[in-house]
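Geometric and topological summary
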Amino acid sequence: MTGSSIIEAKNVNLFYKDFQALKNISMSMTENSVTALIGPSGCGKSTFLRIFNRMNDLIDGVRIEGDIRIQGKDIYAKGLDIDELRKKVGMVFQKPNPFPKSIFENVAYGLRVNGINHKNYIEETVERSLKQAALWDEVKDNLKKSAYALSGGQQQRLCIARALAVEPSIILMDEPASALDPISTAKIEELIYQLKEKYTIIIVTHNMQQAGRVSDNTAFFYMGELIEFDSTKKVFTNPEKERTQNYITGRFG
Amino acid sequence: MNHLDAELKMLRLDMLEMFSLVISQLEKGRQALTTFDKDLAREIIMTEKRVNSFELKLDRDCENIFALFQPVAVDLRFVLATLKINSNLERIGDIAEGIAKFVLDIRLSPEPKLLEATRLIEMFDTSISMIKDVKLALETEDTALARRVFQKDDLLDEINGIANQTVGDFIRATPDRINQSLNILSMIRKLERVGDQAKNISEEIIFYIEAKVLKHRSKEEKK
């Protein structure tokens with residue numbers, strides 16, 4: 001794991017009321033890398049992902065301890081502007097969730113709510129974002145069409161374009177391809193591979209092969225603990241821990 | 001180009017580089033013998049370490065591709081073929097090193113009459129050209145060229161087949177050159193093996209491109 005770290009989590013504990021969902025997790029991610037979080041359901045991987053844009057804050061009775069920094073800044077510091085944080089840390093969800101608006105307006109949305117209304121700038125940004133999300137060629141003649149008219153795979157790429165429009169540094173992806181067919185999945189994976197040139201990506205996936213294909217580093221979570229975190233090559237060819245080996249070879253979990 | 005394609009392209013380039021390295025080792029072996037250049041022989045032995053580490057690198061790259069990308073169909077055959085071609089190339093590297101050691105071992109410069117009678121240089125040239133052919137066959141995905149390598153091997157077999165007789169005759173006539181003669185006989189055996197490795201590589205190239213298994217088939221069946 002070379003390069004400078006953009007994300008650092010130290011001794012993170014997270015409780016849902018009495019239940020401890022994350023146990024003393026420490027890990028850091030380098031800039032322009034893809035980190036995959038894997039592990040069986042309920043292991044804490046999605047909870048950990050949501051720490052970085054403070055999505056867990058919305059849950060009743062949640063308590064978070066530890067030090068979590070993005071570009072050196074404590075993102076749980078008092079008075080932190082959460083909207084600013086979420087601009088910097090974009091998110092893509094399992095199910096594509098476009099707004100009931102046109103393709104163009106979906107991508108422009110983030111700019112408009114941030115008070116940007118310079119027409120040329122918005123148009124340029126929409127085009128650039130759709131190109132980055134590998135969707136432009138398929139939709140450029142139908143930008144006014146409803147986003148709902150797109151296929152599931154296209155909708156997901158639209159959501160990625162929407163996240164890119166506000167120029168984040170980090171993109172969180174929570175099983176971004178699990179609701180898609182194999183061809184759309186391959187497109188999303190290819191996209192992730194290309195996006196890491198500009199962004200740092202953390203992806204939660206249930207699909208181990210996907211973690212292998214798209215990520216540079218892989219973290220294996222089990223029952224709220226970080227069992228192993230290493231280069232994906234290492235994890236998938238010769239993991240340090242037996243539990244990791246049992247999980248990735250399908251022997252448990 | 002997608003991620004797997006990029007990895008496969010890198011693997012192919014590395015394998016071609018391994019080919020070049022091994023071909024150069026054999027060519028240097030030929031030169032070290034004909035010019036009786038012991039420094040060059042030592043250089044071959046030094047460079048053999050590079051061949052070995054290259055083999056390990058290619059093995060590791062294949063392992064990573066299997067683990068991370070689960071290649072299928074033509075991609076799977078390519079990675080499987082690479083693994084096998086890689087070990088064949090490494091053995092050819094060993095053979096070049098063995099030849100270099102013989103050159104170091106010989107006290108007097110090789111007797112031209114012996115070289116001529118055993119057709120050793122012809123063997124060198126044929127085996128080197130076979131490896132060059134299979135390299136080109138892989139680069140251009142030309143299975144017809146890969147198949148022609150099977151025919152070239154006949155010459156190596158022929159020379160190898162009469163080597164005992166030729167070397168025996170030479171030893172009887174020149175008993176003071178017995179060590180050198182035996183070394184030359186070993187080189188002939190080694191170069192015959194290079195031909196076999198080239199044939200194995202050809203089979204792997206055909207397996208990769210045409211999905212046909214030619215192993216353990218007769219020469220007629222391989223056409």
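Everything in this summary refers to the structure shown in the same document. Only a predicted model underlies this, so the values are computations on that prediction, with no experimental measurement involved. (Residues numbered from 1 in each chain as written. Chains lettered and ligands numbered in written order. Predicted model: local features only at pLDDT ≥ 70, side-chain atom pairs only at ≥ 80, totals over all residues.)

With respect to the overall build of chain A
Within chain A, the regular secondary structure consists of 10 helices and 10 strands. For 253 residues, the compact-globule estimate of 2.2 N^0.38 gives 18 Å, and the C-alpha radius of gyration of chain A, at 18 Å, lies within 12% of that figure. C-alpha extents for chain A along the principal axes are approximately 55 × 45 × 35 Å. Counting the 253 residues in chain A, one finds 43% classified as buried. Pairs at least 24 residues apart make up 67% of the contacts formed inside chain A by residues separated by at least 6 positions. (Helix = DSSP H or I, 4+ residues; strand = E, 2+ residues; numbered from the N terminus. Rg over C-alpha atoms; globule rule 2.2 N^0.38 Å. Buried ≥ 20, exposed ≤ 12 C-beta atoms within 10 Å, placed from the backbone. Contact = placed C-beta atoms within 7 Å.)

Topic: the overall build of chain B
Looking only at helices and strands, chain B has nine helices and zero strands in total. Tracing chain B from N to C terminus, the helices and strands come up as α-α-α-α-α-α-α-α-α. Scaling as 2.2 N^0.38, a compact globule of 223 residues should have a C-alpha radius of gyration of about 17 Å, and chain B matches this with 19 Å. Once the C-alpha set of chain B is aligned to its principal axes, its extents read approximately 65 × 40 × 20 Å. In chain B, which comprises 223 residues, the share counted as buried stands at 38%. Here the analysis covers contacts within chain B between residues at least 6 apart in sequence; of these, 80% occur between residues at least 24 apart.

Let's talk about the sheet that holds strand 4 (residues 62-70) of chain A
Residues and elements named next belong to chain A. With antiparallel pairing, four strands are arranged side by side in an open sheet as 2-1-4-5. A single partner strand is all that each edge strand has here, and the edge strands are strand 2 (19-30) and strand 5 (73-74). Bridge count between strand 1 (residues 5-16) and strand 4: eight bridges; the pairing is antiparallel. Directly across from E8, in strand 4, lies its bridge partner R69. (Pairing = 2+ DSSP bridges.)

Points about the pairing of strand 10 (residues 225-231) of chain A
Residues and elements named next belong to chain A. Pairing between strand 9 (residues 217-222) and strand 10: six bridges, direction antiparallel. Residue pairing for strand 10: T218 is matched across the bridge by D230. Remark: two residues form the turn of the hairpin made by strand 9 and strand 10, two consecutive strands paired antiparallel; M223 in that turn has positive phi of roughly 45°.

Concerning the interface of chain A and chain B
Interfaces are often sized by the accessible area lost when the parts come together. Taken together, the contact pairs nine residues of chain A with eight residues of chain B. Of all the secondary-structure elements, those providing two or more residues to the side of chain A that touches chain B are helix 7 (182-195), helix 8 (208-214) and helix 9 (232-237) of chain A. Residue composition of the side of chain A that touches chain B, grouped by class: two nonpolar, four polar and three charged. (Nonpolar A, V, L, I, M, F, W, Y, C, P; charged D, E, K, R; others polar.)

So, the pairing of strand 3 (residues 34-38) of chain A
Walk down a regular strand and you will see the side chains alternate between the two sheet faces. All names here are of chain A. Within strand 3, five of the five residues are buried, which leaves the element mostly enclosed by the surrounding structure. Side chains V34, A36 and I38 project from strand 3 onto one buried face, and the interleaved T35 and L37 project onto a second face that is buried too. One ladder, built from four bridges, connects strand 3 with strand 8 (residues 200-204); its direction is parallel. Counterpart to V34 in the pairing with strand 8 is I201. As defined by bridge partners, strand 3 adjoins strand 9 across four bridges and the pair is classed as parallel.

Structural notes on the environment of Q132 of chain A
Residue and element names in this part refer to chain A. With respect to the helices, strands and loops of the structure, Q132 is situated in helix 4 (residues 119-132). Separated by 32 residues in the primary sequence, Q132 and L164 have C-alpha atoms spaced 8.0 Å apart. Q132 has contacts with A161, L164 and L195, leaving out every residue within four places of it along the chain.

Observations regarding the packing of helix 6 (residues 143-161) of chain B against helix 8 (residues 178-210) of chain B
Residue and element names in this part refer to chain B. Viewed as axis vectors pointing N to C, helix 6 and helix 8 meet at an angle of 160°, and their least axial separation amounts to 9 Å. Classified by the interaxial angle, the pair formed by helix 6 and helix 8 is roughly antiparallel. Like other packed secondary-structure pairs, helix 6 and helix 8 cross with a definite hand, here left-handed. Here T143, A146, V149, F150, D153, L156, I159 and N160 of helix 6 lie close against helix 8, whose contacting residues are I188, R189, L191, E192, G195, A198, K199, S202, I205, I206, I209 and E210. Partitioning the contact of helix 6 with helix 8 into residue classes produces 11 nonpolar, four polar and five charged. (Axes fitted to C-alpha atoms, helices over the stretch in contact; angles between N-to-C directions. Parallel < 35°, antiparallel > 145°, perpendicular 65-115°, else oblique. Left-handed = near helix turned anticlockwise from the far one by under 90°.)

Observations regarding helix 1 (residues 3-34) of chain B
Helical geometry note: an α-helix holds 3.6 residues per turn, so side chains three or four residues apart project in the same direction. Between its terminal C-alpha atoms helix 1 of chain B stretches 47 Å, which fits the 46 Å expected from 32 residues at 1.5 Å a residue. If you check which residues of helix 1 of chain B are buried, you get L8, M15, M18, F19, V22, Q25, L26, G29, A32 and L33 of chain B. (Expected span 1.5 Å × (residues − 1).)

Concerning the sheet that holds strand 10 of chain A
Residues and elements named next belong to chain A. Strands sit in the order 6-7-8-3-9-10 across an open sheet of six strands; the sheet is mixed. Since the sheet does not close on itself, it has two edges, and those belong to strand 6 (89-92) and strand 10, each with one partner. Strand-to-strand twist of the sheet, defined as the mean angle between neighbouring strand axes without regard to direction, takes the value 15°. By the bridge criterion, four bridges tie strand 6 to strand 7 (residues 170-174) in an arrangement that is parallel. Within strand 7, the position partnered with V92 by the bridge is M173. Contacts between helix 6 (residues 152-165) and the sheet are confined to strand 6 and strand 7, with strand 6 contributing the most and set at about 170° to the helix.

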